[in-house]
Amino acid sequence: MSMLLESLSPLSGGINLVLVLLSVFTSAFTAAVGVGGGVLMIMALAQVMPAAALIPVHGMVQLGSSVGRTALTWRHVDLALLGAFLPGVVLGALAAAWLLVRLSAGVLELCIAAFVLFTCWGPGLPKRALGRGGVLVAGAVTTLLSSLVGASGPMVAAFIKHSQFGRLAKVATFSACMLLQHLTKAFVFGVAGFVFRDWLPLMLVMVAAGFLGTWLGLRLLHRLSEHRFDTLFKWALTLLALRLIWLGGQRLLAGG
């Protein structure tokens, strides 16, 4: 068993086991609460994984998790919104493949946090932002951010919060949008020269574990009332935004 775990990736067998178990937990968390599992996952991966592998490996694992959630909730996906989101995803991915640079340390995190807090506690997004043009822009911007820092999940979820009614529609549509975004990372980081093959066994096992977590999380979701889900969803987004403020502040201070 230990030899099998050692063979999954360049990391140690013990770390690989922890990451597989973490995939179960974070997928269950996102399926039940609607958001947050991807951020928890990237926080954990950042502690043990080389920086060059962090975002592409995280993206492929989250792609598998998003495929599972979308497959299990497909009939609740807002296909009209997804169709408007897709062209923006393509534009954002092309920009990321060309750019693949970062803004000043800390600035991006603070901008995302401000947007999330505004959508949770502010007067709400204007109707124009929820139209087809607004959805396209949201798809492009969040896909670009996803490829550069891997932190677009809360921003997409905050946008979906205002465009969907019902907990299943929010989870399903968010999952489908994130599926499209994570799918582009294979293209973006392939162009950048990342060797996915070295991490493929670990990614496949984590994806399988994530599907189990998604199934468990959706069982919990069906037991939540709409009011309780909305409360959990809102506070999960708020806590993620506060974490981004803390992280952005730390990076600004370090850069200064």
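In this numbering scheme, every chain counts its residues from 1 along its sequence in written order. Reporting in this predicted model follows two pLDDT cut-offs: at least 70 for local features of residues, and 80 or more for side-chain atom pairs to be given and counted; totals over whole chains, interfaces and linings ignore these cut-offs and use all residues. Side-chain numbers come from the whole structure's heavy atoms, not from hydrogens or water.

> How should I be thinking about the overall build of the chain in this particular structure?
Scanning the chain from terminus to terminus reveals 11 helices and 0 strands. Under the scheme used here, helices are H or I runs from DSSP no shorter than 4 residues and strands are E runs no shorter than 2 residues, and both carry numbers assigned from the N terminus. Taken from the N to the C terminus, the helices and strands of the chain come in the order α-α-α-α-α-α-α-α-α-α-α. Evaluated residue by residue, the chain yields a buried proportion of 53% over its 256 residues. A separation threshold of at least 6 residues defines the contact pool for the chain, and within that pool the share at least 24 residues apart is 81%. Accessibility throughout is a Shrake-Rupley quantity obtained with a 1.4 Å probe, and a residue counts as covered only by protein chains that appear here. Surface exposure of the chain reaches about 11,800 Å², of which carbon and sulfur atoms provide 72%. Per-residue accessibility, obtained with a 1.4 Å probe over protein chains only, is compared with the maximum for each type, and a residue is labelled buried under 20%, exposed over 50%, and partly exposed between these values. Here a residue-residue contact requires only that any non-hydrogen atoms of the pair lie within 4.5 Å.

> Please explain the environment of alanine 236 as it appears in this structure.
Here alanine 236 shows up in helix α11 (residues 226-255). Spatially, the C-alpha atoms of alanine 236 and glycine 34 are 8.5 Å apart, while their sequence positions differ by 202 residues. Once residues within four sequence positions are removed from consideration, alanine 236 is found in contact with Val33 and Val35.

> Looking at this structure, how should I read a nonpolar patch on the surface?
Nonpolar side chains collect at one region of the surface, where Leu72, Phe211, Leu212, Trp215 and Leu216 lie side by side and expose about 460 Å² of accessible area between them. The dominant element in the nonpolar patch, judged by the number of residues it contributes, is helix α10 (residues 200-221), at 4 residues. Structurally, the position occupied by leucine 212 is in helix α10. What goes into a patch is any residue over 30% in relative accessible area without a salt bridge, connected to like charges within 9 Å or, for nonpolar side chains (Val, Leu, Ile, Met, Phe, Trp, Tyr), within 5 Å. By definition, a salt bridge exists where a carboxyl oxygen of Asp or Glu is found within 4 Å of a side-chain nitrogen of Lys or Arg.

> Is there a simple way to think about the confidence of the model for the chain in this case?
Keep in mind that low pLDDT regions are not for reading the predicted coordinates in detail. Taken residue by residue, the chain gives an average pLDDT of 79. The fraction at 70 or more is 85%. Confidence of the predictor in every single residue is expressed as pLDDT, which spans 0 to 100. Ranking the elements of the chain by mean pLDDT puts helix α6 (residues 107-121) last with 69 and α10 first with 90.

> Teacher, can you tell me more about α10 here?
The α-helix winds at 3.6 residues per turn, so residues separated by three or four positions along the chain end up facing the same way. To estimate how far a helix should extend, the number of its residues minus one is multiplied by 1.5 Å. Over its 22 residues, α10 runs 30 Å from end to end, which matches the ideal 32 Å to within 8%, given 1.5 Å per residue. Listed in full, the buried residues belonging to α10 are Leu202, Met203, Met206, Ala209, Gly210, Gly213, Thr214, Gly217, Leu218 and Leu221.

> Can you walk me through the packing of aromatic side chains in this structure?
For any two aromatic rings, the description comes down to two numbers: the centre-to-centre distance and the angle of the planes. Two rings from Phe, Tyr or Trp (for Trp, the six-membered ring) form a pair when their centres are within 6.5 Å of each other. A pair whose planes differ by under 30 degrees is stacked, one over 60 is edge-to-face, and the rest are tilted. Within this structure, the stated rule accounts for 1 aromatic pair. Summarising the aromatic geometry, the rings of phenylalanine 25 and phenylalanine 29 are spaced 6.2 Å apart at their centres and angled 40 degrees between planes, so their arrangement reads as tilted. Here the residue phenylalanine 25 and the residue phenylalanine 29 both occupy positions in helix α2 (residues 13-33), the gap between them amounting to 4 residues, near one helical turn. On the accessibility criterion, phenylalanine 29 (28% relative accessible area) is partly exposed.

> Quick question: what am I supposed to make of the environment of threonine 184 here?
Tracing the backbone through its elements, the reader meets threonine 184 in helix α9 (residues 167-191). For threonine 184, a relative accessible area of 12% gives the class buried. Each C-alpha atom of the pair threonine 184 and leucine 144 lies 9.9 Å from the other, and the pair is 40 residues apart in sequence. Setting aside anything within four residues of it in sequence, one finds threonine 184 in contact with Val89, Ala93, Thr143 and Ser147.

> For this particular structure, what's the right way to read the environment of asparagine 16?
Structurally, asparagine 16 is set in helix α2. Here the alpha-carbon distance between asparagine 16 and valine 48, two residues 32 residues apart in the chain, equals 9.8 Å.

> Explain the side chain of histidine 182 to me, please; I cannot follow it from the model alone.
Relative to the helices and strands, histidine 182 is located in helix α9. Excluding anything up to four places from it in sequence, histidine 182 contacts Gly59, Met60, Gln62, Leu63, Ser66 and Ser146.

> Can you help me understand the side chain of arginine 167 in this one?
Tracing the backbone through its elements, the reader meets arginine 167 in helix α9. Once residues within four sequence positions are removed from consideration, arginine 167 is found in contact with Leu221, His222, Leu224, Ser225, Glu226 and Phe229.

> I keep staring at the nonpolar core and nothing clicks. Help me out?
If you look at soluble globular proteins, the nonpolar side chains tend to sit buried side by side. Remark: nonpolar core denotes a set of buried residues (Ala, Val, Leu, Ile, Met, Phe, Trp, Tyr, Cys) joined through side-chain atoms within 4.5 Å. Val35, Met49, Val57 and Trp199 are the most contacted members of the largest nonpolar core, which totals 63 residues. If you tally residues by element for this core, the top one is α9, at 11 residues. If near-sequence neighbours (up to four positions away) are discounted, methionine 49 is found in contact with Leu11, Leu19, Leu54, Val57 and Trp199.

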